Each structure stands twice: as structure tokens, then as C-alpha cells.
Amino acid sequence: MVYGISLVMIVLFIPYILFVPMAVGERLTYLERVPDEPALVFYTLAFFGIGILTLWGVSAGRLALSSWGPSWMWILGLYVDSIQTGIVNASNGVILLALILLAGLLKGGRGLLFGSVMALGALALGLAIRSELTLDMLPQYITNLDELKATGPAEFVGIGMQYIGASILIYLFLLHSRVRRKEGVSMAIQDRLLTADIITQIAQQVSQRSSLDELLSKIVEQINDRFDFIYHSQVFLIDDVGVMARLVASTGEVGEMLLAREHGLEVGSQSVIGRVTMLGVVTVAHTGGQDSVHRRNELLPETAVEAAFPLRVGDTIIGALDVQSKQLDALDDENLQATLQALADSITLAIDNVSQFERAEERLRENERLIEESRSGLREVERLNERLTGRVWSE
């Protein structure tokens, strides 16, 4: 931001000194007045010098010092555009106010105080310079120079109070932004702690060799308990054919009813689950929208927003985590969506681990069955051999 503001000020100052008349009532440009006011050369060199040093400082990583650069460049512009012309029109006042805004934006509270003091100082100096103005330097609507000079002290008090009021408002805005930022950081930390806690419990359930159905049921219950704004959560898994996403875990009595009737949605259907299981993208759908993919469920009439997150093993989508809320904007936050996607990834890993363990146990049971069958076959062969041998000896 510091680099961009400095670069824009340098670029815009060049056509200003070449083409824009300095005073309201005259046609002389900045460069045309240099012979009569050699000090303008100093201000020009200082302006560009500070600008180049600021750009270099930002590139070199010296941001703390460089962030003062644009404010000092603006102060040099104040002498050229405002102080010399006696603060006689609204544009001069806006330029002073812009200094307060710029310094507050770049340096916070300290910059705001610095900009306010410098703006008030420039205002006082500009009003004092009115004694040196002539009517040909002023707008046509000003005809009485003595009256203009006499209003200087009153204008200083009036405009100065406006600048102070603006500074207070800007400070309150910066304070509000800082508080909101801290609140956002705090909420993000809480979300991460919640996520870490749930992931830890998922890992514990996996280590206890819980069945897949039991594991997923506990996961959706934990999600409901930890996130207050979620009132229903569930997990869908795609069947072996890859056509249907079957409900395998759901919360509450509604969940039991949905599981009892073997609820499922087609992959790619006009629904949140259908879209996620087909495309593998996070989908948030609000009820009532014309283009919403939310499919209303008569057992969940209070749903205002539904969001689903893909369960993906490598490039293969195996299902979706589905959460629903009664609050319309509860699931719009991108950080929250990232948190829930992290949970979905952990669920995917847990499903994969449990599935591999169950497959390993099944293979073990199959191997034990084959071994037992082999042993039975050997025993039968031994019995036949004994019979044959006994018959041969008898003969």
C-alpha cells in the first residue's frame, strides 16, 4: 500500500507541475512560476527525493520508516497547492483533510495525530499568507480582500474544529477496525481449537478400532455439540456403483428416521449433496433462492442454509459432510468453511483408516477360514490314507 500510494503520487505530480495553474485566478503553471519563486525547485526536488527513498525503503524491507514517506510528500504538496494560495476554496481544505486521512491510514494513531497537527499548522500558515494575496490571484467571486483577510481567525477556528472532529471520527474508525480484527483473530483461534479437539477425538476413536458407523455417528454429534449455529449434521458415502450417495450418519431423532428409511441422493442430482459428490467443490445453498441447489427436506423445515464439504481420498470423491443451520448467514464465512473442510478431510482419513482396518480384519478372517478348510481337508486325506493302507495290509 505504501509503495502504491507513493508511486501514484509521483506519477500524478508530474502532469500537475506541467499543466495545472497554481492559483485560482491565474494561468501560470508550477514550472512557469519557478523563476519568480526559486523555493519551488527545493520543494520539487524534496518531493521526488522522498518519493524515491520511500520506494527504495519499501523494496528494502524498511517499512516502519518508509511508511512516513507519503505523508511528508503530501505535506510538501500542501505548500505548493494550499499554503501559497491562502486556503481560499474548498479544494484547499480537502487537501488538508486528505493529509489526516493518509497519515492515519498508513501510521494508525501516531500518524493521525501527526497529520492533524500538520494540517492545523498548514491551515494557520495559509490563512496568515492571505495578507500577501492580490485580487488577481483569487476567484472572481471574491471582491473584498480586506474582508477575506479579516475572516482568517474565525475560519481557523471553524475549519480547525472540523479537522479535529474528523480526526476523532477517523481514530474511532481505526479503533473499531482494530477491535474487530482482534475479535476475528480470537474467533479464528477458537475455531482452530474446536477443530483440533474434534480431530483429536476422531483419532482416538480410530485408535480404539471403533466400527465405521459408530465412528461417524460420534463425529456428527461432536460437530453439532461444538458449533452452536449448526443444528443438524450428517455424512453421506457414495455406494460401490458410484450412483447414489447414501446417508450413513445423522444427528438426533430426525437422523434416526432418515437412516431408517435408507435416505440417499443421486450423485449429480439437483441438490447440495448431488453437486458436491459430482464436482468435489464446497457448496453453500440458502433456502428460497431461485438458483439454489438446496433440496428441502420435510423433516428439517427450519433449515435456512445448508453447506456440504467433499470427502476425498486422493482424486476420488467418496462422500460428503453436510451441515445445516437455522441462521441464514451462519455458513458464509470463508474461514469457517475452511475449518469445516479441514474436519471433512479428517473424517475422510478416519474413514480410510477404519475401512483399511476392516478390510484387513476381513482378509484375516478369510485366511483363517481357508486355513481351517485346508486343515479339514488334510485330516480327511489322512483318514482316507489310513483306510486304504489298512485295506492293503488286510489283503
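Residues numbered from 1 in each chain as written. Predicted model: local features only at pLDDT ≥ 70, side-chain atom pairs only at ≥ 80, totals over all residues. Heavy atoms only, no water.

Participant: Got a sec to walk through the overall build of the chain? Specific residues and values, please.
Facilitator: Along its length, the chain carries 12 helices and six strands. Burial status across the chain gives 41% buried among its 395 residues. Long-range pairs, those at least 24 residues apart, make up 59% of the contacts in the chain between residues at least 6 apart in sequence. Summing over all exposed atoms, the chain offers an accessible surface of approximately 22500 Å²; the carbon and sulfur share of this is 60%. (Helix = DSSP H or I, 4+ residues; strand = E, 2+ residues; numbered from the N terminus. Buried < 20%, exposed > 50% of the residue type's maximum accessible area, 1.4 Å probe, protein only. Contact = heavy atoms within 4.5 Å. Areas by Shrake-Rupley, 256 points an atom, 1.4 Å probe, with all protein chains shown as cover.)

Participant: An account of a negative patch on the surface is needed here, citing residue identities and associated values.
Facilitator: A cluster of like negative charges, contributed by D329, D332, D333 and E334, occupies part of the molecular surface. Tracing the chain through its elements places E334 in helix 12 (residues 334–394). Exposure remark for E334: the relative accessible area of 67% places this residue in the exposed category. (Patch = residues over 30% accessible without salt bridge, like charges linked within 9 Å, V, L, I, M, F, W, Y side chains within 5 Å. Salt bridge = Lys/Arg side-chain N within 4 Å of Asp/Glu carboxyl O. Lys, Arg positive; Asp, Glu negative; His and termini not counted. Charge placed at Lys NZ, Arg CZ, Asp CG, Glu CD.)

Participant: Talk me through the packing of aromatic side chains; I want residue IDs and the actual numbers.
Facilitator: Under the defined criterion, the tally for this structure stands at eight aromatic pairs. Between F42 and Y43 the ring centres are 5.4 Å apart and the planes differ by 70°, which places this aromatic pair in the edge-to-face class. Judged by relative accessible area, which is 56%, F42 ranks as exposed. (Phe/Tyr/Trp six-rings, centres within 6.5 Å; stacked < 30°, edge-to-face > 60°.)

Participant: Pulling in residues and values, what's your account of the environment of D322?
Facilitator: Along the chain, D322 turns up in strand 6 (residues 316–325). When the C-alpha positions of D322 and V272 are compared, they lie 8.5 Å apart, and in sequence the two are 50 residues distant. With near-sequence residues (within four places) excluded, D322 lies in contact with H232, S233, Q234, F236, V272, I273, E306, A307 and A308. Within the structure, D322 has its side chain in polar contact with the side chain of Q324 (distance 3.1 Å). (Polar contact = N/O pair within 3.5 Å; in protein donor to acceptor, adjacent residues only side chain to side chain.)

Participant: Help me get a handle on the environment of S167, residues and values and all.
Facilitator: With respect to the helices and strands, the residue S167 is situated in helix 8 (residues 152–207). Note: C-alpha distance between S167 and L101 (66 residues apart in sequence) is 8.1 Å. Setting aside residues up to four positions removed in sequence, S167 forms contacts with I100, L112 and S116.

Participant: Quick rundown of the side chain of S116? Include the residues and the values.
Facilitator: Along the polypeptide, S116 turns up in helix 6 (residues 90–128). Sequence-distant contacts of S116, that is, excluding residues within four places in its chain, are made with I100 and S167.

Participant: Tell me about the environment of G160, and please be specific about residues and values.
Facilitator: Mapped onto the fold, G160 is located in helix 8. Residue G160 is classed as buried on the basis of its relative accessible area, which comes to 5%. With residues near it in sequence (within four places) discarded, G160 still touches L120, L123 and E155.

Participant: Provide a residue-level description of the side chain of S271, including the pertinent values.
Facilitator: Relative to the elements of secondary structure, S271 occurs in the loop between strand 3 (264–266) and helix 11 (272–279). On the basis of relative accessible area, S271 is assigned to the buried category, the value being 2%.

Participant: For the sheet that holds strand 4 (residues 283–286), give the residues involved together with the corresponding values.
Facilitator: One open sheet holds the six strands; their spatial order is 3-2-1-6-5-4, and the pairing between them is antiparallel. The open sheet is flanked by strand 3 and strand 4, the only strands paired with a single partner. Each neighbouring strand pair of the sheet contributes to a mean axis angle of 25°, computed without reference to strand direction. Taken together, the three bridges between strand 2 (residues 244–250) and strand 3 define a ladder with antiparallel strand orientation. Following the sheet pairing, M244 is matched in strand 3 by E266. Running over the sheet, helix 9 (residues 212–226) touches strand 1 (230–238), strand 2 and strand 6 and is turned about 150° from strand 1. (Pairing = 2+ DSSP bridges. Axes fitted to C-alpha atoms, helices over the stretch in contact; angles between N-to-C directions.)

Participant: I'd like a description of the packing of helix 1 (residues 2–19) against helix 3 (residues 39–59), backed by residues and values.
Facilitator: Where helix 1 meets helix 3, the closest approach of the two axes is 9 Å, and the angle between their N-to-C directions is 150°. By the angle class used here, helix 1 and helix 3 are roughly antiparallel. Considering the relative orientation of helix 1 and helix 3, their crossing is left-handed. Side by side, helix 1 and helix 3 meet where V2, Y3, S6, L7, M9, I10, F13 and I14 of the first sit next to T44, F47, F48, G51, I52, T54, L55, V58 and S59 of the second. (Parallel < 35°, antiparallel > 145°, perpendicular 65-115°, else oblique. Left-handed = near helix turned anticlockwise from the far one by under 90°.)

Participant: Give a description of the pattern of salt bridges that names residues and reports values.
Facilitator: Evaluation of the coordinates by the stated rule reveals five salt bridges. Of the charged contacts in the structure, one is a salt bridge between K326 and E302, with a shortest N-O distance of 3.5 Å. Of this pair, K326 sits in the loop between strand 6 and helix 12 while E302 sits in the loop between strand 4 and strand 5 (305–313), placing them 24 residues apart in sequence. We classify E302 as partly exposed; its relative accessible area is 47%. Between E380 and R383 there is a salt bridge, with its nearest N and O atoms 2.2 Å apart.

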